[in-house]
Amino acid sequence: MSLATEKLDVIRQQVQYHLDRAENEQLSPAQQRQLSDDIKNRLQQENAVLVAHYYTSPLIQALAEETGGCVSDSLEMARFGHDHPAETLVVAGVKFMGETAKILTPEKRVLMPTLEATCSLDLGCPIEDFSAFCDQHADRKVVVYANTSAAVKARADWVVTSSIALDVVEHLADQGEKILWAPDRHLGDYVRRETGADILMWDGACIVHEEFKARGLADLKRVYPDAAVLVHPESPASVIELADRVGSTTQIINAAREMANKQFIVATDQGIFYKLQQVAPDKEFIIAPTAGQGATCHSCANCPWMAMNELESLANVFDRDDNEIFVDSTVAEQAMVPLHRMLDFATELKLSVKGKA
Ligand code: SF4
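What you see is a predicted model, and the numbers here were worked out from it, not measured in a lab. The written sequence of each chain sets the order in which its residues are numbered from 1. Owing to the predicted nature of the model, reporting of local features is limited to residues with pLDDT of at least 70; listing and counting of side-chain atom pairs is limited to 80 or more, with chain, interface and lining totals taken over all residues.

(A) Structural view of the overall build of the protein chain. Here a strand is any run of E in DSSP of at least two residues, a helix any run of H or I of at least four, and the numbering for each starts at the N terminus. Of the regular secondary structure elements, the protein chain holds 16 helices and 12 strands. With 357 residues in all, the protein chain has 45% of them scored as buried. Think of it as a crowd count around each C-beta: if 20 or more other C-beta atoms lie within 10 Å the residue is buried, if 12 or fewer it is exposed, and in between it is partly exposed, with C-beta placed from the backbone throughout.

(B) Layout of the pairing of strand E3 (residues 88-92). Burial of E3 is extensive: four of the five residues sit out of reach of the surface. Pairing between two strands requires that DSSP report at least two bridges joining them. Pairing of strand E1 (residues 48-53) with E3 involves five bridges; the strand directions are parallel. Pairing of Val51 across the sheet is with Val91, part of E3. Bridge count between E3 and strand E4 (residues 109-111): three bridges; the pairing is parallel. Bridge pairing in E4 places Val90 opposite Leu111. With helix H5 (residues 95-104) bridging E3 and the parallel E4, this β-α-β connection has right-handed handedness. Handedness is read with the strands pointing away from the viewer; a crossover is right-handed when the path from the first strand over the helix to the second is clockwise.

(C) Seen up close, the sheet that holds strand E8 (residues 199-201). Read across the sheet, four strands follow the order E6-E5-E7-E8 without closing on themselves; strand pairing throughout is parallel. Each end of this open sheet is capped by a strand with a single partner; those strands are strand E6 (158-160) and E8. On average, adjacent strands in this sheet sit at an angle of 30 degrees to one another, irrespective of strand direction. With three bridges connecting them, strand E7 (residues 179-182) and E8 associate as parallel partners. Opposite Ile179, over in E8, you have Ile199 as the bridge partner. Geometry is summarised by axes, namely lines fitted to C-alpha atoms with helices restricted to the contacting stretch, and by angles between N-to-C directions that run from 0 to 180 degrees.

Rendered as structure tokens:
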């Protein structure tokens, strides 16, 4: 068995464990209300703000909104946490998001419901192997996706999120740069097809998006012929080919709001449905199919690590000593450079779009 297959098997076992656990530990509505109230009080007492990702549970997204926090993609989470005056950031998402918040705002305390919530992209790109890969291709600009460890970011020239990956790579290609891309091969492949850039790829994947199936999606399109298909670019190329719109979580939400269609088939984590239904309450959203005929679920588009952000762990987030994010100061200093490069680029991009409007 190859190392990659072995690693994938361990990841799949973890996935099943967390999905089973989530299913077995349903809270009653009264328990949910009690925990939500406790969390609201503690956030206030601790001068803390809740920053949640679109893929967390609807309960957690609602809490973030009700308490003046934010629900967004990883780029906006980083920006919001950096700009907010709270002394403590409670990050509901996966570990790299907490690390990014800490790197950008080292003076703040950053807590997470659990530090076990990670990401198959981060797990699949260990710094030792990645660093050796970079050394072998020193003539290339290193562009890494936000879904990586602080140490991998520290080794990069650029950090990107899926919302600005195309713009950054286009910008580098215009300057004649060759690119080393990590870790998501599907997103990297999409960026290569769209920009024509010379990209050398690390072999990583998101276990959630990789499971979307083109054949099942084509069948579903026949059932809903008027539905527009919205696809996250971490999905396989065959799925992206069937999309009416390809984009990051925020771009998918914007597309649902702006497009005239009344039905949408969505290929990304199901957590996003909370926001989709909020921004377009008169529209219908259908999850794209994942595993094939033998699968135990119709669509397993549910990140097991995002699902680890539970109300109970959030309720005692201030009372534990195993859930604060720390990043080595040298690593943080190095990682800050490509992160700020991304944020500055995103700001300039927004300004230039506004200027053209
Ligand atoms: Fe990582 Fe995929 Fe989960 Fe996002 S959905 S955190 S990319 S495993």
